[in-house]
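This is what each chain is made of:
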Amino acid sequence: MAAVNQDVVEKFLDSNPAFAKEYYDSHFRAQVISNMLSTSKNTNVDTTNYHNLSSTEESEMVFDMVRDLQENLQMEKAMFNLMRHLCFVMRADRMSLFMYRQRNGTAELATRIFNVSKDATLEDCLVPPDSEIVYPLDTGIVGHVASVKKMVNVPDVTQVGKPSKKEPLDVTGWTIKNVLSMPIVNKKEEIVGVATFYNRKDGKPFDEMDETLMESLTQFLGWSVLNPDTYEKMNKLENRKDIFQDMVLYHVKCRKDEIQNILNTREVYGKEPDECDEEELEAILAETLIDSEQSEIFEFHFCDFEHSEMDLVKCGISMYYELGVVDKFHIPREALVRFVYSLSKGYRRITYHNWRHGFNVGQTMFTLLMTGDLKRYYTDLEAMAMLTAGLCHDIDHRGTNNLYQMKSGNPLAKLHGSSILERHHLEFGKTLLRDDALNIYQNLNRRQHELVIHLMDIAIIATDLALYFKAMMMTACDLSAIAKPWEIQSKVALSVAAEFWEQGDLERTVLEQQPIPMMDRNKAADLPKLQCGFIDFVCAFVYKEFSRFHVEITPMLERLLNNRKEWNALKEEHEAKLAMLEEAKKAKEEAASANSVAQPGENFQNYYNYSCDPKSKLQPK
């Protein structure tokens, strides 16, 4: 057999290029590409000959990288890494990804990963929902590209557009000189997004080879990385929409038979609500809604105990009318009824954070605006958003707090990094509003819609007590039970305590942890002391500040201070009993066993008797 040396191998490979390529692809190409794309600081990559590769070879190189990235469970990080390397491949200074979506029936592009460069970090480039840059399809280069589904190569941006476009776009003095923008479509030729590269590093315009390479890459993106299923994984908002969809449709959304409890169109007109005009629905509501003065929804001392849950739904609808927003913003009557009705169903039947609490917070917001005369500081649009936020603020509460969600490994804790439940309540409410049949904002223009959603974001997240100083008004509503008359406050306090104790039971049995005193039913006798502390360190500041500037809100502060006296009286009575027990224990040490001396909290807990007689009123002796 003839000896095989380097010359023989080279001649064979030269004569068989197809075999040579196949052998290289299967044995060496992956490692070579991996080395070239390594982010290690010690790697020196010679890129002088890199662009001599054919566009097909460059595309294949990136495809291999994408396959590896697709295995990454964190889709956003994978997409970011892909974009960072695409900047390298295209020799572009920066790149941005705009995703296509439909919102309120309007097609638009929104930034998701923005201003990516080879050395950028995900934290710098990932755009949160409240900071999106949105382009209608008839605006700008990216809007035009998405509209016509064709690539646009702008060789010299400085020669087009307004003079302001030539100015630096950030503090580094960076300017756009040339742009290559390409639509991303899926297999159905539907627009998915737009990928845009800015400024070739060598200062030259993007050329035909760049266009060819980009076309191959974006086609792959549309078919693989950005197909609808994976894009929903990347976009948390869409993911949440999927999570809630079944629940909304089958358990929460007001059904056709249920709406007849308020809009009894079958009985009156012999047809469904959607077959009636607004005047016909208005006539029914005028008869079925409860008179606002009779229900006392304008009063700070409003008591929900006197109303059924359906009454509270009707009162909630009335508050929108009293704000004057139904006609002004053309809220469809059927949508308004369905929305408030669905909110009531969205609250779980738990001890405290139920629909009654949700309504009470909304009613307090309404009363602050109207009776407290705070509405003069807000537009009608803002007032509507704040009322809606109040009604939505605890929807689908589980009766356990944020810390319990984290300790128990609840999926909500994995989905939301902070203010876990508050973000869940917010997304739940926004999910309802995305349904056409429930969307009370459907006739707002885009700017108005963005404002009301933004205000809801701020208000509901603010109910996380860790953030409460940032939005005292919403906090004042969430804590309003503490400022009700004593006969109401005492009952509500027991409901809150009972829900806390239920969580404490779960922590003790499920998590096998000792609950904190506030959650420990074995320390129920400490409730008056805890309430005094809650008033002193959390509530008092809020209502004192409001009353200082608005005399109309003084009744809330006065009732808060009165409740503080009532709780303090119970605390002192309990402490006196403890002192007497301690003296008796010292005087009779031989009778100090548990059988002869009552436990400190036993009599006091029996005094409350909250579980045996729900109709009992908590009052000091």
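Predicted, not measured: the structure shown is a model, and the values here were computed from it. (Residues numbered from 1 in each chain as written. Predicted model: local features only at pLDDT ≥ 70, side-chain atom pairs only at ≥ 80, totals over all residues. Heavy atoms only, no water.)

1. Topic: the overall build of the protein
Counted only if it meets this: Secondary structure elements are defined from DSSP: runs of H or I of at least 4 residues count as helices, runs of E of at least 2 residues count as strands, and each element is numbered from the N terminus. Whether a residue is buried, partly exposed or exposed follows from its accessible area with a 1.4 Å probe, protein chains only, as a fraction of its type maximum: under 20%, in between, or over 50%, in that order. Whether two residues are in contact is decided by their heavy atoms: any pair within 4.5 Å suffices. To measure how exposed things are, a 1.4 Å probe is used in the Shrake-Rupley method; for residues, cover is taken only from the protein chains shown.
In terms of helices and strands, the protein carries 27 helices and six strands. With 621 residues in all, the protein has 48% of them scored as buried. Within the protein, residue pairs in contact and separated by at least 24 positions form 68% of the contacts whose partners lie at least 6 positions apart. Surface accessibility of the protein: about 31600 Å² in total, with carbon and sulfur atoms responsible for 51%.

2. Quick word on unusual backbone geometry
Backbone geometry at Asp-396 places phi at a positive 65°, although glycine is not the residue there. Secondary-structure assignment places Asp-396 in the loop between helix H18 (380–392) and helix H19 (402–407). We classify Asp-396 as buried; its relative accessible area is 3%. The backbone phi angle of Ser-419 is positive, close to 45°, even though this residue is not glycine. Its place among the elements puts Ser-419 in the loop between helix H20 (411–415) and helix H21 (420–434). Given a relative accessible area of 9%, Ser-419 falls into the buried group.

3. Quick look at the nonpolar core
Just so we agree on the cut-off: Definition of nonpolar core: a set of buried residues of the types Ala, Val, Leu, Ile, Met, Phe, Trp, Tyr and Cys, connected through side-chain atoms within 4.5 Å.
The biggest cluster of nonpolar side chains holds 92 residues, and the ones touching the most others in it are Tyr-320, Phe-339, Met-384 and Tyr-543. When neighbours within four sequence positions are excluded, Met-384 is seen to be in contact with Tyr-320, Leu-323, Val-325, Phe-329, Ile-331, Tyr-441, Leu-444 and Val-452. Among the nonpolar cores identified, the runner-up in size contains 27 residues, and Cys-87, Phe-88, Ala-120 and Leu-122 belong to it.

4. Here we look at the pattern of salt bridges
Defined as follows: The salt bridge criterion pairs a side-chain nitrogen of Lys or Arg with a carboxyl oxygen of Asp or Glu, the two atoms within 4 Å.
Taken as a whole and judged by the stated rule, the model has 31 salt bridges. Across the salt bridge formed by Arg-338 and Glu-334, the nearest N and O atoms sit 2.9 Å from each other. Taken as a pair, Arg-338 and Glu-334 lie in helix H16 (residues 333–346) at a separation of four residues, close to a single helical turn. Each member of the pair Arg-338 and Glu-334 is classed as buried.

5. Some words on the UniProt feature "binding site: Zn(2+) 1" (unreviewed entry) in the protein
As a reminder of what qualifies: UniProt positions are given in the numbering used here, feature names are shortened, and annotations may be inferred rather than shown by experiment. Each polar contact in these results corresponds to two N or O atoms within 3.5 Å; when the atoms are within protein, one needs to be able to donate a hydrogen and the other to accept it, and residues that are neighboring in sequence are counted only if both atoms are side-chain atoms.
According to UniProt, the feature "binding site: Zn(2+) 1" (unreviewed entry) maps to His-357, His-393, Asp-394 and Asp-478 in the numbering used here. A maximum C-alpha distance of 9.7 Å is found for the annotated residues, which run over 122 residues; spatially they form one tight group. According to the relative accessible area criterion, His-357 is buried, its value standing at 5%. Within the secondary structure, Asp-478 sits in helix H23 (residues 472–478). Taking the relative accessible area as the measure of exposure, Asp-478 reaches 15% and is therefore buried. If we ignore the near neighbours within four places in the chain, the residues touching Asp-478 are His-357, Val-361, His-393, Asp-394 and Thr-463. A distance of 2.9 Å separates the side chain of Asp-478 from the side chain of His-393, its partner in a polar contact.

6. Some points on the packing of helix H12 (residues 278–288) against H16
What counts here: Angles shown run from 0 to 180 degrees and are taken between the N-to-C directions of axes, each axis being a line fitted to C-alpha atoms and, for helices, limited to the stretch in contact. Each angle receives one of four descriptions, namely roughly parallel if under 35 degrees, roughly antiparallel if over 145, roughly perpendicular if within 65 to 115, and oblique otherwise.
Where H12 meets H16, the axes come as close as 9 Å, and the angle between the chain directions of the two elements is 45°. Relative to H16, the element H12 is oriented oblique. Taken together, the residues of H16 that come into contact with H12 (itself represented by Glu-278, Leu-281, Glu-282 and Leu-285) are Arg-333, Glu-334 and Val-337.

7. Considerations on the sheet that holds strand S1 (residues 92–103)
Test applied: What makes two strands pair is DSSP finding at least two bridges between them.
The sheet built from six strands is open, its strands ordered S3-S2-S1-S6-S5-S4 with antiparallel pairing. Only two strands of the sheet have a single neighbouring strand rather than two, namely strand S3 (134–136) and strand S4 (152–154). Ignoring which end each strand starts from, the neighbouring axes of this sheet average 25° apart. Two strands pair when backbone bridges link them, and S1 and strand S2 (residues 106–116) are joined in this way by eight bridges, in the antiparallel orientation. Bridge pairing in S2 links Met-95 to Val-116.

8. What about the pairing of strand S6 (residues 191–200)?
Most of S6 sits out of view: 10 of its 10 residues are buried. When S1 meets S6, the two strands line up antiparallel, connected through seven bridges. The residue bridging Arg-94 from the neighbouring strand is Tyr-198, located in S6. Pairing of strand S5 (residues 179–185) with S6, which is carried by seven bridges, proceeds in the antiparallel orientation. Along S6, the bridge assignment pairs Val-179 with Tyr-198. Where S5 folds back on S6, the antiparallel hairpin that results is connected by five residues, among which Glu-189 adopts a positive phi of roughly 65°.

9. A closer look at helix H25 (residues 527–549)
Let me state the cut-off plainly: A helix is expected to span 1.5 Å multiplied by its residue count minus one. Think of it this way: the bend at a residue is just the angle between two axes, each fitted to seven residues, one set ending at that residue and the other starting at it.
Under the 1.5 Å per step criterion, the end-to-end length of H25 is 32 Å for 23 residues, consistent within 8% with the ideal 33 Å. The largest bend along H25 reaches roughly 55° and is located at Cys-539.

10. Some remarks on the packing of aromatic side chains
Put simply, the test is: For Phe, Tyr and Trp, where Trp contributes only its six-membered ring, two rings pair if their centres lie within 6.5 Å, and the inter-plane angle classes them as stacked under 30 degrees, edge-to-face over 60, or tilted in between.
Taken as a whole, this structure holds seven aromatic pairs when the rule is applied. When the centroid spacing of 5.0 Å and the interplanar angle of 75° are considered together, the rings of Trp-486 and Trp-567 count as edge-to-face. Here Trp-486 is found in helix H24 (residues 486–509), whereas its partner Trp-567 is found in helix H26 (residues 554–587), with 81 residues between them in sequence. Taken as a pair, Trp-486 and Trp-567 share a single burial class, namely buried. Through pairs of rings, three or more aromatic residues link up here, namely Phe-302, Tyr-347, Trp-355 and Phe-359.

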